[in-house]
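Listed below are the residues making up each chain.
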Amino acid sequence: MFNNYLKVTIRNIKKHIGYSLINGAGLTIGLTCCILILLFVFDELSYDKFHENHDHIYRVTRKWFNEDGVVNLHLGHVAPPIGPLLENDFSEIIHAVRMIKVGGLLVSRESHVFEEEKFFFAEADIFNVFSLEMISGDSDTALQDPFTVVLTKDTAEKYFGDEDPVGRSIAIHTSSQKADMKVTGVIVPLPHNSHFHADFLASFKTFAAVVGEQALQNWGSNNYATYLLLPENYDIANLESRLDPFIDKHMSPGMSEQTKLELQKLTDIHLYSHLDSEVEPNSDITYVYVFSIIAFFVLLIACVNFMNLSTARSAGRAKEVGLRKVVGAQRSQLIRQFLSESIITAVFSLLISLALVILVLPKFNQFIGRNLSINIAEDIF
């Protein structure tokens, strides 16, 4: 019976080619627009989920209150002593890692000098918290020593070309001194769906040597992104309830009435975090809702248009229906026939729309400034 339905469908398409093109084109365009929008939505929802431990990594944020108890400042960065003290005071914290971004830093190799905006100093445990893929070097020791640095693959090629950079040196220049940095590893660049992007990861001990240990005890210098790796399925409220006593203990009694620490889930940063300081600008969950609604209505309109055109043309097939009844066709068989025709047309439209998506995706990426891709086996089926 399916072969019969398929033959009849193809004959009807050929017989009414104008109608078929209009009906199929409307559904195809609707499906294409819907798929492109959903690719963007899924990309927005995927931020930081490539990290193996993404569901139990938290960022420490800090609030300040005015005399009326209203929040007047909320930072995504905290003071440098907080990370080590949290790890020391709370045994459930597996790792606490700090990093600080230094933009506009001059980096040189031989006679080549570049001003770098994505230069981070990070503690050695960053490889235990985040999933950073090493191409060469040992992640366990790469940032253990002072004056060591890990480069992304693109940055390594920028400074060393086709040479192996591991074991070689680059230099960083501050206002007062120059420091030679030994390259100890190369990593795969962080994907676009990360809330931070680093071209350089230098050891935190280097930063301590440059600024001095005293600067790392300053509770007023809230410039350090601090992340905690907690056990799986850990009740975060248990730790949050003890953060006020932590502040009172290490700063001064009653200080928790003026400033508080909060924990923010890693995967919430991109869409839900709009603090007074962020590592990079974030998006907004509102866009996800808006574009999801748009995708739904585009698809709904395409489907309604498809059904209306099919219904309008049904009167022209009354003779065919009558003839089929005369030769013994059951009501259920007629229903299956027309449903099969609609499904076959819809499948053809979907296949064409997938081809169109693949064709226009490079231009779409250029337009929205993303690097979206479609894997038909995973994303569609």
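Along each chain, the written sequence defines residue order, and numbers are assigned to residues from 1. Only residues with pLDDT of at least 70 get local features here, since the model is predicted, and only at 80 or more are side-chain atom pairs given and counted; chain-wide, interface and lining totals rely on the full set of residues. Processing note: side-chain calculations cover all non-hydrogen atoms of the structure and skip hydrogens and water entirely.

A. Quick peek at the overall build of the chain. The secondary structure listing takes helices from DSSP runs of H or I that are at least 4 residues long and strands from runs of E that are at least 2 residues long, numbered from the N terminus. The helix and strand inventory of the chain stands at 13 helices and 13 strands. Within the chain, the fraction of its 381 residues that count as buried is 43%. It only takes one pair of heavy atoms within 4.5 Å for two residues to be counted as in contact. Across the chain, contacts joining residues at least 24 apart in sequence account for 71% of those joining residues at least 6 apart. Using the Shrake-Rupley algorithm and a 1.4 Å probe, accessible areas are obtained, with residue cover drawn only from the displayed protein chains. Split by element, the accessible area of the chain, about 20,100 Å² in all, is 57% carbon and sulfur. Buried means the residue's accessible area, taken with a 1.4 Å probe over protein chains only, is under 20% of the maximum for its type, while exposed means over 50%, and partly exposed covers the values in between.

B. Structural context of helix H8 (residues 243–250). All of the buried residues in H8 are Leu-243, Phe-246 and Ile-247. Taken around the axis of H8, the buried residues stretch over an arc of 100 degrees, which confines them to a single face. Lining the buried residues of H8 we find helix H3 (82–89), helix H7 (236–240) and strand S13 (259–265). The reported arc concerns the directions from the helix axis to the C-beta atoms and nothing else.

C. Representation of H3 in the model. Among the residues of H3, Ile-82, Gly-83 and Leu-86 are the ones counted as buried. One side of H3 carries all its buried residues, which in axial view fall inside an arc of 100 degrees. Where the residues of H3 are buried, they touch strand S1 (57–65), strand S3 (95–102), strand S12 (225–229), H8 and S13.

D. Structural view of the pattern of salt bridges. For this document, the term salt bridge refers to a Lys or Arg side-chain nitrogen within 4 Å of an Asp or Glu carboxyl oxygen. On inspection of all chains with the given rule, the structure shows 13 salt bridges. Across the salt bridge formed by Lys-63 and Glu-262, the nearest N and O atoms sit 2.9 Å from each other. In this pair, Lys-63 sits in strand S1 while Glu-262 sits in strand S13, placing the two residues 199 residues apart along the sequence. Assessed through its relative accessible area of 18%, Lys-63 is described here as buried.

E. Here's a closer look at the packing of H3 against H8. The axes are straight lines fitted to the C-alpha atoms, using for helices just the contacting stretch, and the angles between their N-to-C directions are given from 0 to 180°. Where H3 meets H8, the axes come as close as 12 Å, and the angle between the chain directions of the two elements is 115 degrees. The angle between the axes of H3 and H8 places the two elements in the roughly perpendicular class. Taken as a pair, H3 and H8 cross one another with a handedness that is right-handed. For the pair H3 and H8, the contacting residues are Ile-82, Leu-85, Leu-86 and Asp-89 in the first and Leu-243, Phe-246, Lys-249 and His-250 in the second. An angle below 35 degrees is read as roughly parallel, one above 145 as roughly antiparallel, one from 65 to 115 as roughly perpendicular, and any other as oblique. Handedness of a crossing follows from how the near helix is turned relative to the far one, being left-handed for an anticlockwise turn of less than a right angle and right-handed for a clockwise one.

F. Structural context of the confidence of the model for the chain. With 87% of its residues at a pLDDT of 70 or more, the chain shows a mean pLDDT of 89. The pLDDT value tells you how sure the predictor is about a given residue, anywhere from 0 up to 100. Of all secondary-structure elements in the chain, the lowest mean pLDDT belongs to helix H13 (residues 376–380), at 54, while S12 reaches the highest, 98.

G. The environment of Leu-354, seen in detail. Along the chain, Leu-354 turns up in helix H12 (residues 331–368). With 319 residues separating them in the primary sequence, Leu-354 and Ile-35 have C-alpha atoms 8.2 Å apart.

H. A look at a nonpolar patch on the surface. A grouping of Ile-293, Phe-296, Phe-297, Leu-300, Ile-301, Val-304 and Met-307 is seen on the molecular surface, where their side chains present a nonpolar patch of about 680 Å² in accessible area. Structurally, Met-307 can be placed in helix H10 (residues 285–314). Note on Met-307: relative accessible area 49%, which makes it partly exposed. Grouping into patches uses exposed residues only, defined as over 30% relative accessible area, and leaves out salt-bridged ones; the cut-off is 9 Å for like charges and 5 Å for nonpolar side chains (Val, Leu, Ile, Met, Phe, Trp, Tyr).

I. Inspection of the packing of aromatic side chains at higher detail. Pairing of aromatic rings covers Phe, Tyr and the six-membered ring of Trp, with a centre-to-centre limit of 6.5 Å; geometry is then stacked below 30 degrees between planes, edge-to-face above 60, and tilted otherwise. Under the definition given, this model contains 14 aromatic pairs. Considering the side-chain rings of Phe-114 and Tyr-159, the 5.1 Å spacing of their centres and the 75 degrees angle between planes classify their relative orientation as edge-to-face. Of this pair, Phe-114 sits in strand S5 (residues 112–116) while Tyr-159 is found in helix H5 (residues 153–160), placing the two residues 45 residues apart along the sequence. The exposure class assigned to Tyr-159 is buried, which follows from its relative accessible area of 6%. Both rings, one in Phe-119 and one in Phe-121, keep their centres 5.2 Å apart while their planes meet at 55 degrees; by these two values the pair is tilted. As a reminder, the over-ring test applies to NZ of lysine and CZ of arginine, requiring each to be within 6 Å of the ring centre and within 35 degrees of the ring normal. The ring centre of Phe-114 lies 4.4 Å from the NZ or CZ of Lys-158, which sits over that ring.

J. Representation of the nonpolar core within the structure. Of all hydrophobic cores here, the largest spans 25 residues; its most connected members are Met-99, Ile-126, Phe-127, Phe-130, Leu-201 and Tyr-227. Those elements that provide at least two residues to this core are S3, strand S6 (119–122), helix H4 (126–129) and S12. Not counting the four nearest positions on each side in its chain, Ile-126 is found in contact with Val-97, Met-99, Leu-132, Leu-143 and Leu-201. For our purposes a nonpolar core is just a set of buried Ala, Val, Leu, Ile, Met, Phe, Trp, Tyr and Cys residues, chained together by side-chain atoms within 4.5 Å.

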